[in-house]
Structures are given as C-alpha cells and as structure tokens.
Amino acid sequence: DAIQVGYLEEKLSKISKPIQGHLQKCGSTGYRKFGEFRVEDPETYNLGDQITTSAFSVGQKVRVTGTSIGKGFAGNQKRHNFSRGPMTHGSKNHRLPGSIGAGSTPGRVYPGKKMAGHLGNTKTTIKNSEILFVSEKENILILKGSLPGKAKNILRIAAKV
C-alpha cells in the first residue's frame, strides 16, 4: 500500500505527454518529479492533498535518502580506504593498487574487484536521523546530524518503519 507524491511544480507545456496524461487523470497541476511512499492506510489520503511538515513531530526518528556529493575519479586509497605502499627503501609502490588477481588461471579480473573509479554521486540513506524542530507555518524541518548531498539537494524524508 503506497501513495504517489509529486514535487517540483512545472508548467504542463514543459512536461512530456505521457506524464501530462497521468496528471490529468488525477486533475493535478504539473509536477516534474514523483516519488512513492509506503503508508499503512492509503484511503486516508485524497487526490491533490498537500503533505506538509505536520506529518512529523519533534523527537521522531526518520530515514533521509538523497544523492551523495560526487567526487569524480578517485584512486584506491580515497575510494576504498586501502593502505598505501612503503614510501622508503627504494619502493616505487606508493599509491598503486597492488595485485588484482591470479595469473593465467583464471586469466581475468573477477567482477566487483575494488579498483580506482568514480566516487560519490550515489543514492545514500541516513537512518535514525532525529527531528529537532518542526515549523508547520513555514514548512521547515530541522534534523540532527549530517545529510547526504550538497545544499539545495532534494531529500526524501520518510518515517522510520
């Protein structure tokens, strides 16, 4: 049992026709993005209802999901917290990955091997974040601790299940 929530209002002319048809069925204005939330009783919600901060209370634990900050291409030390090689005694293995597998058997690198590559810009969930303050008048939530992503990032805040 779930409800679909639309956010980021947009002119209907700037929305694709399939989504326009979806919105016209429910008699809604244009929205750019959609999300689904599990609820115990979806019949308590009506089409076009505004969901505000009144659904949350101070001290409540919530799950916050968002996109983490992208950090571009990163090596093994930064991406996977690998230790570096020796810096002295003629070693030339300072930040290299080391062995990446056996020899001619299997003759390949196993999938999932931790190597250098793109770091960040992934879906991240912070669990058990506590609500410190709720302003229903201004529709503001203040949460304790860090949150994923940069400032002005869109976050999905769901009550702890």
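Here the structure is a predicted model, which is why all the values come from computation and not from measurement. (Residues numbered from 1 in each chain as written. Predicted model: local features only at pLDDT ≥ 70, side-chain atom pairs only at ≥ 80, totals over all residues. Heavy atoms only, no water.)

Enquirer: In this structure, what is going on with the nonpolar core? I would like to understand it.
Expert: With 6 residues, the main nonpolar core is built from Phe56, Val62, Val64, Ile131, Val134 and Leu143. Secondary-structure elements contributing two or more residues to this core are β3 (61–67) and β6 (123–135). (Core = buried A, V, L, I, M, F, W, Y, C linked by side-chain atoms within 4.5 Å. Buried < 20%, exposed > 50% of the residue type's maximum accessible area, 1.4 Å probe, protein only. Helix = DSSP H or I, 4+ residues; strand = E, 2+ residues; numbered from the N terminus.)

Enquirer: For this particular structure, what's the right way to read the packing of aromatic side chains?
Expert: Each aromatic ring pair is specified by the distance between its two centres and by the angle formed by the two planes. Here the structure, examined in full by the defined rule, presents 0 aromatic pairs. Taking the ring centre of phenylalanine 37 as reference, the NZ or CZ of arginine 156 above it sits at 4.1 Å. (Phe/Tyr/Trp six-rings, centres within 6.5 Å; stacked < 30°, edge-to-face > 60°. Lys NZ or Arg CZ within 6 Å of the ring centre and 35° of its normal.)

Enquirer: Mind showing me how you'd approach the pairing of β3 here?
Expert: The two faces of the sheet receive side chains in turn, since in a regular strand these alternate between them. Bridging between β3 and β6 involves 6 bridges; their strand directions are antiparallel. Residue pairing across strands places valine 62 opposite serine 129, the latter belonging to β6. Pairing between β3 and strand β8 (residues 156–159): 4 bridges, direction antiparallel. Within β8, the position partnered with arginine 63 by the bridge is alanine 158. (Pairing = 2+ DSSP bridges.)

Enquirer: Looking at this model, I keep getting lost on the confidence of the model for the protein chain. Mind explaining?
Expert: Note that predicted coordinates carrying low pLDDT should not be read in detail. When the pLDDT values of the protein chain are averaged, the result is 93; 99% of them are 70 or greater. Within the protein chain, no element has a lower average pLDDT than helix α1 (residues 17–25), which sits at 87, and none a higher one than strand β4 (residues 72–74), at 98. (pLDDT = per-residue confidence, 0-100.)

Enquirer: What am I meant to see in the pattern of salt bridges here?
Expert: Between side chains of opposite charge, pairing is possible as soon as their charged atoms come close. By the definition in use, this model includes 2 salt bridges. Measuring nitrogen to oxygen at the nearest pair gives 2.6 Å for the salt bridge that ties glutamate 10 to arginine 32. A residue pair is termed long-range when its members are at least 10 positions apart, and glutamate 10 in the loop between β1 (2–9) and α1 and arginine 32 in strand β2 (residues 31–38) qualify at 22 residues. Of the residues examined, glutamate 10 reaches a relative accessible area of 21% and is grouped as partly exposed. Here lysine 61 makes a salt bridge to glutamate 130, at a shortest N to O gap of 4.0 Å. Here lysine 61 is found in strand β3, whereas its partner glutamate 130 is found in strand β6, with 69 residues between them in sequence. (Salt bridge = Lys/Arg side-chain N within 4 Å of Asp/Glu carboxyl O.)

Enquirer: Where do I start with a negative patch on the surface in this structure?
Expert: Together, Asp1, Glu40, Asp41 and Glu43 make up a region of like negative charge exposed at the surface. Structurally, glutamate 43 is set in the loop between β2 and β3. Given a relative accessible area of 63%, glutamate 43 falls into the exposed group. (Patch = residues over 30% accessible without salt bridge, like charges linked within 9 Å, V, L, I, M, F, W, Y side chains within 5 Å. Areas by Shrake-Rupley, 256 points an atom, 1.4 Å probe, with all protein chains shown as cover. Lys, Arg positive; Asp, Glu negative; His and termini not counted. Charge placed at Lys NZ, Arg CZ, Asp CG, Glu CD.)

Enquirer: I keep staring at a positive patch on the surface and nothing clicks. Help me out?
Expert: Together, Arg63, Lys123, Lys127 and Arg156 give the surface a local cluster of positive charge. Exposure remark for arginine 156: the relative accessible area of 32% places this residue in the partly exposed category.

Enquirer: I'm lost on the side chain of asparagine 76 in this one. Help?
Expert: With respect to the helices and strands, the residue asparagine 76 is situated in helix α2 (residues 76–80). Under the relative-accessibility criterion, asparagine 76 is labelled buried at 5%.

Enquirer: For this particular structure, what's the right way to read the sheet that holds β6?
Expert: Across the sheet, 4 strands lie side by side as β7-β6-β3-β8; this open sheet has antiparallel pairing. Edge strands, defined here as strands with exactly one partner in the open sheet, are β7 (140–143) and β8. Put simply, the sheet's adjacent strands are angled 45° from each other on average, direction ignored. Summarising the sheet, β6 and β7 pair through 4 bridges and their orientation is antiparallel. Bridge assignment links phenylalanine 133 to a residue of β7, and that residue is isoleucine 142. (Axes fitted to C-alpha atoms, helices over the stretch in contact; angles between N-to-C directions.)

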